[in-house]
Amino acid sequence: MIKKILVSQPKPSSEKSSYFELERKYGLELVFHPFIKVEGLSARDFRQQRIQILDYSAVVFTSRHAIDHFFTLCKELRVTIPEDMKYFALSEAIALYIQKYVQYRKRKVFFPTTGVTWNDLVAVMLKHKTENYLIPQSDVHTDEVHQLLVAKKLKHTECVMYRTVHNDYPAGQPFDFDMVILFTPAGFESLLANFPDFKERNIKLACFGKATAKAIEEANYVIDLAAPTVKAPSMPASLEVYLEENA
């Protein structure tokens, strides 16, 4: 029976989180600990990429991490962003976060209104084909975005501004879980780095996303719960289905 679960994400700030509702409904004990954390590149490391931020007329943000580390680096590099710089974001929520650093003006902040995928964002970028786009990203990424932008003949440069590193499990805290929920391949790697004997512990594994599932399967581990599904598009929803089916 599943009673104690490790969720490898930061603890939700709102008490209205679906996780807490599951905790109350099923008498669970949920512990939140991300196995990865994001660190920004130093100005010295960024300079090695030989990228001049002011050579670009637009910046593309896919996350709040990207926004934070972009403006932090600009400050460290003593780069003053011009007023006419344009910003493109993967979603409205990300676009609104930009105002933490610059005055929000519709004429220079753009985002898709019909979806939150790269295809949706590229459709917006194509309306501004003359821009030279800079795309801050993590050290962990695929070539899919690059190939898509090349196919659409958009002038752009991708650069690494932050990286994903392991986040150790607190020493001295018991690791006596019935299930561990993972969200990224890097999180799975960090779990094994923390607990090389994880397979012998007979703890059930849940994962979110195809990339995470692929990493787990390639390491010859069994996935007990895979999300999302059509019936349950979120991890809390998938977890509830699993708890009902395995009560």
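Preceding this paragraph is the structure being described.
Cut-offs and rules
- Residues numbered from 1 in each chain as written.
- Predicted model: local features only at pLDDT ≥ 70, side-chain atom pairs only at ≥ 80, totals over all residues.
- Heavy atoms only, no water.
- Helix = DSSP H or I, 4+ residues; strand = E, 2+ residues; numbered from the N terminus.
- Phe/Tyr/Trp six-rings, centres within 6.5 Å; stacked < 30°, edge-to-face > 60°.
- Buried < 20%, exposed > 50% of the residue type's maximum accessible area, 1.4 Å probe, protein only.
- Arc of directions from axis to C-beta.
- Contact = heavy atoms within 4.5 Å.
- Salt bridge = Lys/Arg side-chain N within 4 Å of Asp/Glu carboxyl O.
- Pairing = 2+ DSSP bridges.
- Axes fitted to C-alpha atoms, helices over the stretch in contact; angles between N-to-C directions.
- Core = buried A, V, L, I, M, F, W, Y, C linked by side-chain atoms within 4.5 Å.

Now, about unusual backbone geometry: what can you tell me, with residues and values included?
In this structure, Pro-228 follows Ala-227 across a cis peptide bond, with omega equal to 0°. Mapped onto the fold, Pro-228 is located in the loop between strand 11 (225–227) and helix 9 (235–245). Unlike most non-glycine residues, Asn-202 shows phi in positive territory, near 55°. Structurally, the position occupied by Asn-202 is in the loop between helix 7 (185–194) and strand 10 (204–208).

I'd like a rundown of the packing of aromatic side chains, residues and numbers included.
Per the counting criterion, the structure on display carries 18 aromatic pairs. Their ring planes at 85° and their centres at 5.0 Å tell us that Phe-70 and Phe-71 sit as a pair that is edge-to-face. On the basis of relative accessibility, which here comes to 0%, the residue Phe-70 falls in the buried class. Centre to centre, the rings of Phe-175 and Phe-177 are 5.1 Å apart; their planes meet at 80°, and the pair counts as edge-to-face. In this structure Phe-177 comes out as buried when scored by relative accessible area, which is 5%.

Which residues make up helix 5 (residues 118–125), and what values go with them?
For an α-helix, the turn length of 3.6 residues means that residues three or four places apart are oriented alike. Listed as buried for helix 5 are Trp-118, Leu-121, Val-122, Val-124 and Met-125. Down the axis, helix 5 shows its buried residues gathered within 155° of arc, on one side only. Buried residues along helix 5 sit in contact with strand 4 (58–61), strand 5 (86–89), strand 6 (109–110), strand 7 (133–138) and helix 6 (144–151).

So what about the pattern of salt bridges? Which residues, and what values?
Here the structure, examined in full by the defined rule, presents seven salt bridges. Linking Asp-176 and Lys-4 is a salt bridge whose minimum nitrogen-to-oxygen distance equals 2.5 Å. In this pair, Asp-176 is assigned in the loop between strand 8 (156–166) and strand 9 (179–182) and Lys-4 in strand 1 (residues 4–7), connecting sequence segments 172 residues apart. According to the relative accessible area criterion, Asp-176 is partly exposed, its value standing at 45%. Its relative accessible area of 13% is what places Lys-4 among the buried residues. Lys-204 is the salt-bridge partner of Asp-224, the closest N and O atoms lying 4.0 Å from each other. Note that Asp-224 is positioned in the loop between helix 8 (210–218) and strand 11 and Lys-204 in strand 10, a separation of 20 residues in sequence. Using a relative accessible area of 30% as the deciding quantity, one classes Asp-224 as partly exposed.

Would you mind going over the environment of Tyr-19 in detail, with residue names and values included?
By the element assignment, Tyr-19 lies in helix 1 (residues 18–26). The buried category is assigned to Tyr-19, whose relative accessible area is 6%. Along the backbone, Tyr-19 and Met-235 are 216 residues apart, and their C-alpha atoms lie at a distance of 9.0 Å.

Outline the sheet that holds strand 2 (residues 29–32), listing residues and values.
Pairing is parallel in the open sheet, where five strands are placed in the order 2-1-9-10-11. For this open sheet the edge positions go to strand 2 and strand 11, each flanked by a neighbour on one side alone. Ignoring strand direction, the axes of neighbouring strands in this sheet form an average angle of 15°. For strand 9 and strand 10, the ladder comprises four bridges, and the chain directions are parallel. If you follow Met-179 over to strand 10, its bridge partner there is Lys-204. Helix 9 rests against strand 1, strand 9, strand 10 and strand 11 of the sheet, and its axis sits at about 145° to strand 11.

Describe the nonpolar core, listing the residues and the values that go with them.
Within the largest apolar cluster, 45 residues are counted, with the highest numbers of intra-cluster contacts made by Phe-61, Phe-70, Tyr-87 and Trp-118. For this core, the leading source of residues is helix 3 (residues 64–77), giving seven residues. Excluding residues that lie within four positions of it along the chain, Phe-61 makes contacts with Ala-66, Ile-67, Phe-70, Phe-71, Tyr-87, Phe-88, Ala-89, Leu-90, Ile-94, Ile-98 and Pro-136. Ranked by size, the runner-up nonpolar core spans 20 residues in total, among them Phe-20, Phe-32, Ala-206 and Tyr-242.

So what's going on with the sheet that holds strand 3 (residues 36–40)? Which residues, and what values?
Ordered by their spatial adjacency, six strands build an open sheet running 3-8-7-4-5-6, and the pairing between neighbours is mixed. Since the sheet does not close on itself, it has two edges, and those belong to strand 3 and strand 6, each with one partner. Bridge count for strand 4 against strand 5 is four bridges, and the pairing is parallel. Bridge pairing links Val-60 to Phe-88 in strand 5. Running at roughly 155° to strand 5, helix 5 makes contact with strand 4, strand 5, strand 6 and strand 7 of the sheet. Each of strand 3 and strand 8 is contacted by helix 7, which is oriented at about 25° to strand 8, the strand it contacts most.

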